[in-house]
Amino acid sequence: MIKFLNEYSYTIWLGLLKDYVFGIEWLDKNFSSVLKLKPLILIAGCPGSGKTVLACTISYANALRGRKVLYITFHESKEKLFKIMSDLGMNLNDVEVRGTFNFVKIPIPLSIDNLSDTIFKLISKYSPEVVVFDTINPIMTITKDESVRRVLLQNFFYGLSESINGMTILVAESIGEDINLSNIEFIADVVFILKQRISKGLISRSLMIKKIRGVEVSVAEIPFRICSNLGIVLYPPPILEEVSPEYEELELPCEVLKKVVGHIHKSMHIYITYPPDARLPHATIIPLSIALHNNLKVLVISYIYPPDVVKSQLLRALSLIGLKGKEVEELIDKYIVVKSINPTAYSLDELYIHELRLVDSLEDVDVVVIHDVGLVSRLSNASEYLSKLYNQLNYLRLKRVLTVRLGSYVSNELHRLNVLLSSMVLRFEPVFRDGKFVGVQAYVWRRGTTPYIITSEELSRCLEEIAENLRRKCFSR
């Protein structure tokens, strides 16, 4: 897989390519072969969905590489367009000065012949290798004759790529997937439909790849964001065709877990749950001890606490089993990285991809701990939550990462869903006798074993062993 350190290195990479490009890393890696056809590309979507940004992205990337671009618009202001694209990291002024980008605003023509003459004069003047029409909807008002429209779209525009020996890009307003432009999508080589919806009070955008001629498309819809200085940033989902195997075996930190569970593997997924009104420190100590006992580097992602609070809670949890002092703090700093994410600021796609990018950005991450997953599960419908989570867990498993997800018991449906995807389940519950709290017990189940209740007495002995093992294994260095 090609990786780029930043947008500058990707721009340098673009300059090394001989063919046309989309200017978006993921599209170029997967679908650049279609650009050898000198294609007709249709970009459709509702107002505000990012059509012009995508058209400018493709134009700018090719203009940077010396391809001459003719950008024809019937309504866009040059000053406004150049300013907006500059904010998104595209310096159209620069490529205009180089002579590889020409912006032309023309009035809506009175006839088809008038339009054809105007376009051919512009092509003759600039000799472009890429021609963009933003947008073609006003052209449809020239005539009410559907047959004339069809000739214009299917003959004139389709033949344009061949006549310039380059690429033609048509931008069109549409409602959802209903383009309704004389079936232009049937002759286009590439059809991108940009969608947007309101999700959790935020605009959620996606790029639908409806058609790419000659290329098998396995991912139909990709979430994206329009970001300052970056433009369009795609979040392609990590869909894996096969479930990866189990990897290294890990040692458990106490005898009762060894007796009940046997062993675990580095690529497993552990689900830890507890009552929402009894967030017990045991839920933190067990996964933390597994990681420290096996010298594993941990990434903790919290949905509800900032990093400093998470670290103080980890220190407090260890102090409850008698592990205190500077050595403990150094141990936490050495093995644990904490990141906080507000899940309401992302769509579910963006959230999971953002988390995976965090994992990829850090070296030698062995364990990913996510807290509190009950919050995210309530922000999404069950089917969407299941599919996104399943792909994310498979991706982490492929990377040989142990995934630990902690969450309050929100509902029976969501609990069953989380259990369904788990290799191991730990459910902590407070124990009361005569109305008094006397301890904590844990329901434990590992795939392929019989469920077991670890009593409060057994759990206390387990914590004592954990403390002793960590003193001997980690503090003696």
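Above this text sits the structure in question.
These lines cover the structure that appears in this document, whether it is placed above or below. Keep in mind it's a predicted model, so treat the numbers as computed, not measured.

### Quick look at empty space enclosed by the protein
Moving on, step 1. Inspection of the entire model under this criterion finds two cavities of 30 Å³ or more.
Moving on, step 2. Estimates place the volume of the largest cavity at around 60 Å³.
Moving on, step 3. The wall of the largest cavity is formed by Pro237, Pro238, Asp349, Tyr352, Ile353, Leu356, Lys388, Asn391 and Gln392.
Moving on, step 4. The set of elements that each furnish at least two residues to the lining of the largest cavity consists of α13 (348-361) and α15 (382-398).
Moving on, step 5. In terms of residues, the lining of the largest cavity owes the most to one element, α13, which gives four residues.
Moving on, step 6. Residue composition of the lining of the largest cavity, by class: five nonpolar, two polar and two charged.

### Here we look at unusual backbone geometry
Moving on, step 1. Omega for the peptide link from aspartate 134 to threonine 135 comes to -10°, which places this bond in the cis form.
Moving on, step 2. Within the fold, threonine 135 resides in the loop between β4 (130-134) and α7 (146-164).
Moving on, step 3. Following histidine 371, the chain continues to aspartate 372 via a peptide bond in cis, the omega torsion being 5°.
Moving on, step 4. Summarising the element assignment, aspartate 372 is placed in the loop between β15 (367-371) and α14 (373-378).
Moving on, step 5. Its identity as a non-glycine residue notwithstanding, serine 127 has a phi of 50°, on the positive side.
Moving on, step 6. Within the element layout of this structure, serine 127 appears in the loop between α6 (112-126) and β4.
Moving on, step 7. The class of serine 127 is partly exposed, set by a relative accessible area of 47%.

### Thoughts on the sheet that holds strand β14 (residues 336-340)
Moving on, step 1. In space, the eight strands of this open sheet follow the order β14-β13-β15-β16-β12-β17-β18-β19, with mixed pairing throughout. One side of each edge strand has no neighbouring strand; the edge strands of this open sheet are β14 and β19 (452-454). Between one strand axis and the next, the sheet turns by 20° as a mean value, whatever way the strands run.
Moving on, step 2. Where strand β13 (residues 298-302) lies against β15, five bridges are found, and the strand directions are parallel. When the bridges of β15 are listed, valine 298 appears paired with valine 367.
Moving on, step 3. Each of β13, β14, β15 and β16 (402-408) is contacted by α13, which is oriented at about 155° to β13, the strand it contacts most.

Rules behind the numbers
- Residues numbered from 1 in each chain as written.
- Predicted model: local features only at pLDDT ≥ 70, side-chain atom pairs only at ≥ 80, totals over all residues.
- Heavy atoms only, no water.
- 1 Å grid on protein atoms, 1.4 Å probe; cavity = no way out; pocket = protein on both sides within 12 Å on 5 of 7 lines; lining within 4 Å.
- Points joined across faces, edges and corners; volume = space filled by probe spheres on them.
- Helix = DSSP H or I, 4+ residues; strand = E, 2+ residues; numbered from the N terminus.
- Nonpolar A, V, L, I, M, F, W, Y, C, P; charged D, E, K, R; others polar.
- Buried < 20%, exposed > 50% of the residue type's maximum accessible area, 1.4 Å probe, protein only.
- Pairing = 2+ DSSP bridges.
- Axes fitted to C-alpha atoms, helices over the stretch in contact; angles between N-to-C directions.
- Contact = heavy atoms within 4.5 Å.

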